[in-house]
Amino acid sequence: MRTFSQVDVFTDEFTKGNALAVVHDAEGLSTAEMAAFANWTNLAETTFLLPATDPAADYRVRIFTVSRELPFAGHPTLGSAHAWLTAGNTPRDPDRLVQECGAGLVEVRRDGARLAFAAPPLLRGGPVENVGDLAAALAIEPEEIVDAQWADNGPGWVAVLLRSAADVLAVRPDHQRFGEFTGIGVVGPHPDGADVAFEVRAFVDEGGRFEEDPVTGSLNASIAQWLIPAGIAPQTYVAAQGTVLGRRGRVHLSQAGGEIWVGGNTVVGVTGQVAL
């Protein structure tokens, strides 16, 4: 029996964010066993906490979707850090943690009541040439796309900027036309005076299983790495995600010291033991 947590990330109200399953003390589990349990939970991601192998890290995490292992993902990073702390673990530095994952070392710091991670470098960036294919996948006209950039920091994201948050909320993608794209993020600005700056949605192809992710830290990280330096977004802003799904995700983005920080609240909703 191993300690188990289920947490809700990017929300201060349980059931309004993005759920994450966390298996503590996961030493001894094989990759196949981890993958099978992640498939069984049927959540966007499941993580497994392990002792660090890098002396600079506080702990190590492996991150699985229902069909594959990811080198990095945002809401699993914050959720795993929160679960690790809630379980009574103590980081070397009281104000920051260092997580070891497939993408390397990721710094997680305390941001008031929230945790925030430093966005990892992109594996692939730059303009997208086949904007027409993106428009077809989103079932919109090419002229509705203001700009598009590769924004891949592990899961394979491509990000699409639309004219407004209303346009983002109106998207009804054609999953049969995703083609080469495994993850498409869509972002658009809210009007001045709104309580959030941008609306974000994330559409994912998980091995032929298409779904919309409720709240996505990795996507918001790479969008901020694009929009803030480009002057499209301010140095500090809040993005909403999950609206169409009945969630109320809030992702806090900021640029400081040359890095993009991605923060959010996390709520532990379920604790117990799992037979693994």
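Keep in mind that this is a model prediction, so the values were computed, not measured.

Novice: Mind showing me how you'd approach the pairing of strand 11 (residues 183-189) here?
Specialist: Two faces belong to every sheet, and in a regular strand the side chains alternate between them. For strand 11, the buried fraction is high: six of the seven residues fall into the buried class. Bridging between strand 10 (residues 157-162) and strand 11 involves five bridges; their strand directions are parallel. Note that in strand 11 the partner of valine 158 across the bridge is isoleucine 184. Traced from strand 10 through helix 4 (residues 165-170) to strand 11, the parallel crossover comes out right-handed. Here strand 11 runs beside strand 12 (residues 198-206); their pairing, made up of seven bridges, is antiparallel. Bridged to valine 187 within strand 12 is valine 200.

Novice: Got a minute to help me understand the nonpolar core in this structure?
Specialist: Side chains of nonpolar character tend, in soluble globular proteins, to be buried together. Grouped together as the largest cluster of nonpolar side chains are 48 residues, with contacts concentrated most on Phe117, Ile223, Tyr237 and Val262. At six residues, helix 5 (residues 217-227) tops the list of elements feeding residues into this core. Excluding residues that lie within four positions of it along the chain, phenylalanine 117 makes contacts with Phe72, Gly74, Thr77, Leu78, Val106, Glu107, Val108, Gly217, Ala221, Ile260, Trp261 and Val262. Within the second largest apolar cluster, 19 residues are counted, among which are Ala135, Ala137, Val158 and Leu162.

Novice: Before we go on, may I ask you to explain the pattern of salt bridges in this structure?
Specialist: Close approach of charged atoms lets side chains of opposite charge pair. The full count for this structure, using the stated rule, is eight salt bridges. The shortest N-O distance in the salt bridge between arginine 248 and glutamate 13 comes to 2.7 Å. Remark: glutamate 13 occurs in the loop between strand 1 (2-9) and strand 2 (18-23) and arginine 248 occurs in the loop between strand 14 (236-241) and strand 15 (249-256); sequence separation between them is 235 residues. We note a salt bridge from arginine 201 to glutamate 212, for which the minimum N-O separation is 2.9 Å. Within this pair, whereas arginine 201 is found in strand 12, its partner glutamate 212 is found in strand 13 (residues 209-213), the two being separated by 11 residues in sequence. Per residue, the accessibility class of arginine 201 equals that of glutamate 212, and both read buried.

Novice: I keep staring at the packing of aromatic side chains and nothing clicks. Help me out?
Specialist: By convention here, two paired aromatic rings are described through the distance between centres and the angle between planes. Tallied over the full model, the rule gives nine aromatic pairs. Aromatic side chains tryptophan 150 and phenylalanine 181 sit 5.9 Å apart centroid to centroid with 40 degrees between the ring planes, which places their arrangement in the tilted category. Residue tryptophan 150 is found in strand 9 (residues 145-150), and its partner phenylalanine 181 is found in the loop between helix 4 and strand 11; the two are separated by 31 residues along the sequence. A residue is classified by how much of its surface remains accessible, and tryptophan 150, at 10% relative accessible area, is buried. On the accessibility criterion, phenylalanine 181 (2% relative accessible area) is buried. Measuring from ring centre to ring centre gives 5.2 Å for phenylalanine 198 and tyrosine 237, while their planes differ by 65 degrees; the resulting arrangement is edge-to-face. You can see phenylalanine 198 sitting in strand 12 and its partner tyrosine 237 sitting in strand 14, a full 39 residues away along the chain. For tyrosine 237, a relative accessible area of 5% corresponds to the buried category. The structure contains a cluster of three or more aromatic residues connected by ring pairs, namely Phe4, Phe37, Trp40, Phe48 and Phe64.

Rules of the game
Residues numbered from 1 in each chain as written. Predicted model: local features only at pLDDT ≥ 70, side-chain atom pairs only at ≥ 80, totals over all residues. Heavy atoms only, no water. Buried < 20%, exposed > 50% of the residue type's maximum accessible area, 1.4 Å probe, protein only. Helix = DSSP H or I, 4+ residues; strand = E, 2+ residues; numbered from the N terminus. Pairing = 2+ DSSP bridges. Right-handed = clockwise from strand over helix to strand, strands pointing away. Core = buried A, V, L, I, M, F, W, Y, C linked by side-chain atoms within 4.5 Å. Contact = heavy atoms within 4.5 Å. Salt bridge = Lys/Arg side-chain N within 4 Å of Asp/Glu carboxyl O. Phe/Tyr/Trp six-rings, centres within 6.5 Å; stacked < 30°, edge-to-face > 60°.

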